[in-house]
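Structural overview for review
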Amino acid sequence: MPDDDIKRTTINAGKNWCEMIETRNQLKERTATPDGRDPGEMIAEAGDQVASLTADFLDIVDDGTRAMQTLAAHLGTSPQDDDPLLARIYRIAHEVKGQGQTFGYELISTIGQSLCALLERTSPGEPRLTASIVTHLDALALVRARGITGDGGALGQHLANALWGEVEVVGGPPATGPRLSGGNQEGIEMPRLAVITPAALPEGATPARKPDR
Amino acid sequence: MARYNFEALAVLLIDDSPMMRRVVNQMLHAFGVESVHIAADGKSGLKMLNAFHIDLVITDWLMEPMDGFDFVRLVRTDPYVATPMVPILMMTAHSELWRVAAARDAGINEFILKPITPANLLSRLIYMIEKPRPFVRTHTYFGPDRRRKAEYPYFGPDRRSGEAAESDPSGAQAPAEDAGKATAVVAGGEPAAETTMVLQ
């Protein structure tokens, strides 16, 4: 950017020295035009584009679930190798967590979030960790097998609460800084209910809904 | 309502997840962006930033070998980066306050939480267009001014009547939950010595 387009103002001197730098609003110059498009139209078109990727997302969830199940099956066979296995599970869960809601699968995001929190908060060597990971993966597989979309309604809420109960029991308190490859989750305090197994979830799915716009 | 034409905008998108790259790329194209450069991690992103004209960067946080945090820090501080003041939008599934504060202190302009939706992505883009932040250089920081509260445009269905015109450059207003997160991004403030500055 040419120097003529930059306005520099020194505010303080000495140890509190501070310079304020203001520039032309190039983003606005390039984008805000009277003959531009309406934001609502852009959102509608983008929503359709995202919806067209839903099948690919579900393939990723299914492949990821199988991969995490394979990784979890190897946990404990040689404890010194557990950390890289857990890190790989975490990365897959993190991806599932970050994308589910984009495609209208909030419950899948919630389960991924719970699994990430479990991995972030649980001390290495915690004997209940593997079983709790498997419970989360069973829940994920069940949601997919039954075609549950959205947040899963009351059943989904119950399942989410139960999984979060696992996190609360098996994991430690939320972290306040970096740990593993992440920190604590949002600090959400969810009520702890009796832990149910995914197999106990009755048949039924919430109505399908379009991805969030 | 304001209208926008993103055809002339060149965006650098950095994410290690192929699916997220597809999702955000599709959204950007649907918004009208014709030039989207894509990188899979921060290191590749830096190369692209120096190789192409880039108007805006959208980067993930958690990537290997170079994550989004280090990418932002280098863009703002490395003398070999040609455009240290390029606007940067960081997207992440991590919403912990310490992460938000760390990203802010590294020099991001705005922060967007996953899941990314067309509405919240467009809202952040429009906010960055309409409410650019001046840059600040101190002995310990170079990046966008960290003090201003954000008011993001909102495109959802529950808009309250009578408030839209004040806060939203595009004619809508921020949802309560988004506004809270956004405030957390920028509410940390500069050191006391700098708070006497009047920006606008």
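A short tour of the structure in this document, coming up.

1. So, the overall build of chain A
Counting its secondary structure elements, chain A contains seven helices and three strands. Reading the secondary structure of chain A in the N-to-C direction produces β-β-α-β-α-α-α-α-α-α. Sequence-distant contacts, at least 24 apart, represent 71% of the contacts inside chain A between residues at least 6 apart.

2. Quick look at the interface of chain B and chain A
If you look at the interface, chain B gives 58 residues, while chain A gives 59 residues. Between chain B and chain A, roughly 5000 Å² of surface is buried when both sides are summed, and carbon and sulfur atoms account for 62% of that area. Area buried by chain B at its contact with chain A is led by R3, M19 and W98 of chain B, which between them contribute 13% of it. Remark: the boundary between chain B and chain A carries six salt bridges. Across the salt bridge formed by R91 of chain A and E64 of chain B, the nearest N and O atoms sit 3.7 Å from each other. Linking chain B with chain A are 18 residue pairs in polar contact (both at pLDDT 80 or more).

3. Some words on the nonpolar core
Generally speaking, soluble globular proteins have nonpolar side chains that are buried together. If you look at the biggest cluster of nonpolar residues, it comprises 70 residues, and the most contacted ones within it are L115 and I133 of chain A together with F6, L28, F31, I58 and L121 of chain B. Other than its neighbours up to four places away in sequence, L115 of chain A contacts M68, I89, A93, I133, H136 and L137 of chain A. Residues A39, L49, V57 and I88 of chain B belong to the second largest nonpolar core, which totals 23 residues.

4. Brief notes about the sheet that holds strand β2 (residues 18-23) of chain A
Across the sheet, which stays open at both edges, the four strands sit in the order β1(A)-β2(A)-β6(B)-β7(B) with antiparallel pairing between neighbours. Strands with a single pairing partner mark the edges of an open sheet, and in this sheet they are β1 (6-12) of chain A together with β7 (142-144) of chain B. The average angle at which neighbouring strand axes cross in this sheet is 20 degrees, direction not considered.

5. Let's talk about the pairing of strand β5 (residues 110-113) of chain B
A regular strand places its side chains on the two faces of the sheet in alternate fashion. Residues and elements named next belong to chain B. Here β5 shows a buried face lined by E110 and I112 and a second buried face lined by F111 and L113. The sheet contact formed by strand β4 (residues 88-92) and β5 spans four bridges and is parallel. Counted as the bridge partner of M91 is I112 from β5. Traced from β4 through helix α4 (residues 97-106) to β5, the parallel crossover comes out right-handed.

6. Here's the deal with the sheet that holds strand β1 (residues 10-14) of chain B
All names here are of chain B. If you trace the five strands from one edge of the open sheet to the other, you get β2-β1-β3-β4-β5, paired in parallel fashion. Since the sheet does not close on itself, it has two edges, and those belong to β2 (35-39) and β5, each with one partner. Taken over all neighbouring pairs, the strand axes of this sheet differ in orientation by 20 degrees on average, direction set aside. Examined bridge by bridge, strand β3 (residues 56-60) and β4 share four bridges and lie parallel to one another. Across the sheet, D60 pairs through a bridge with M91, a residue of β4. Along the sheet face, helix α3 (residues 68-77) touches β1, β3 and β4 and points at about 170 degrees away from the line of β4.

7. Some details on the packing of helix α4 (residues 82-99) of chain A against helix α5 (residues 106-121) of chain A
All names here are of chain A. Running from N to C, α4 and α5 point in directions that differ by 150 degrees, and their axes come no closer than 7 Å. With respect to α5, the element α4 is oriented roughly antiparallel. Crossing angle aside, the handedness with which α4 passes α5 is left-handed. Where α4 approaches α5, its residues L86, I89, Y90, A93, H94, V96, K97 and Q99 are matched on the opposing element by I108, S109, G112, Q113, L115, C116, L119 and E120.

8. A word on the pattern of salt bridges
All told, the structure shown has 19 salt bridges over all chains when counted by the stated rule. A salt bridge links R24 of chain A to E29 of chain A; the nearest nitrogen and oxygen atoms lie 2.8 Å apart. Residue classification places E29 of chain A among the partly exposed positions, given a relative accessible area of 46%. What emerges from the salt-bridge pattern is a single network uniting R8 and E19 of chain A together with R137 of chain B.

Criteria and thresholds
Residues numbered from 1 in each chain as written. Chains lettered and ligands numbered in written order. Predicted model: local features only at pLDDT ≥ 70, side-chain atom pairs only at ≥ 80, totals over all residues. Heavy atoms only, no water. Helix = DSSP H or I, 4+ residues; strand = E, 2+ residues; numbered from the N terminus. Contact = heavy atoms within 4.5 Å. Buried area = accessible area lost by both parts, 1.4 Å probe. Salt bridge = Lys/Arg side-chain N within 4 Å of Asp/Glu carboxyl O. Polar contact = N/O pair within 3.5 Å; in protein donor to acceptor, adjacent residues only side chain to side chain. Core = buried A, V, L, I, M, F, W, Y, C linked by side-chain atoms within 4.5 Å. Buried < 20%, exposed > 50% of the residue type's maximum accessible area, 1.4 Å probe, protein only. Pairing = 2+ DSSP bridges. Axes fitted to C-alpha atoms, helices over the stretch in contact; angles between N-to-C directions. Right-handed = clockwise from strand over helix to strand, strands pointing away. Parallel < 35°, antiparallel > 145°, perpendicular 65-115°, else oblique. Left-handed = near helix turned anticlockwise from the far one by under 90°.

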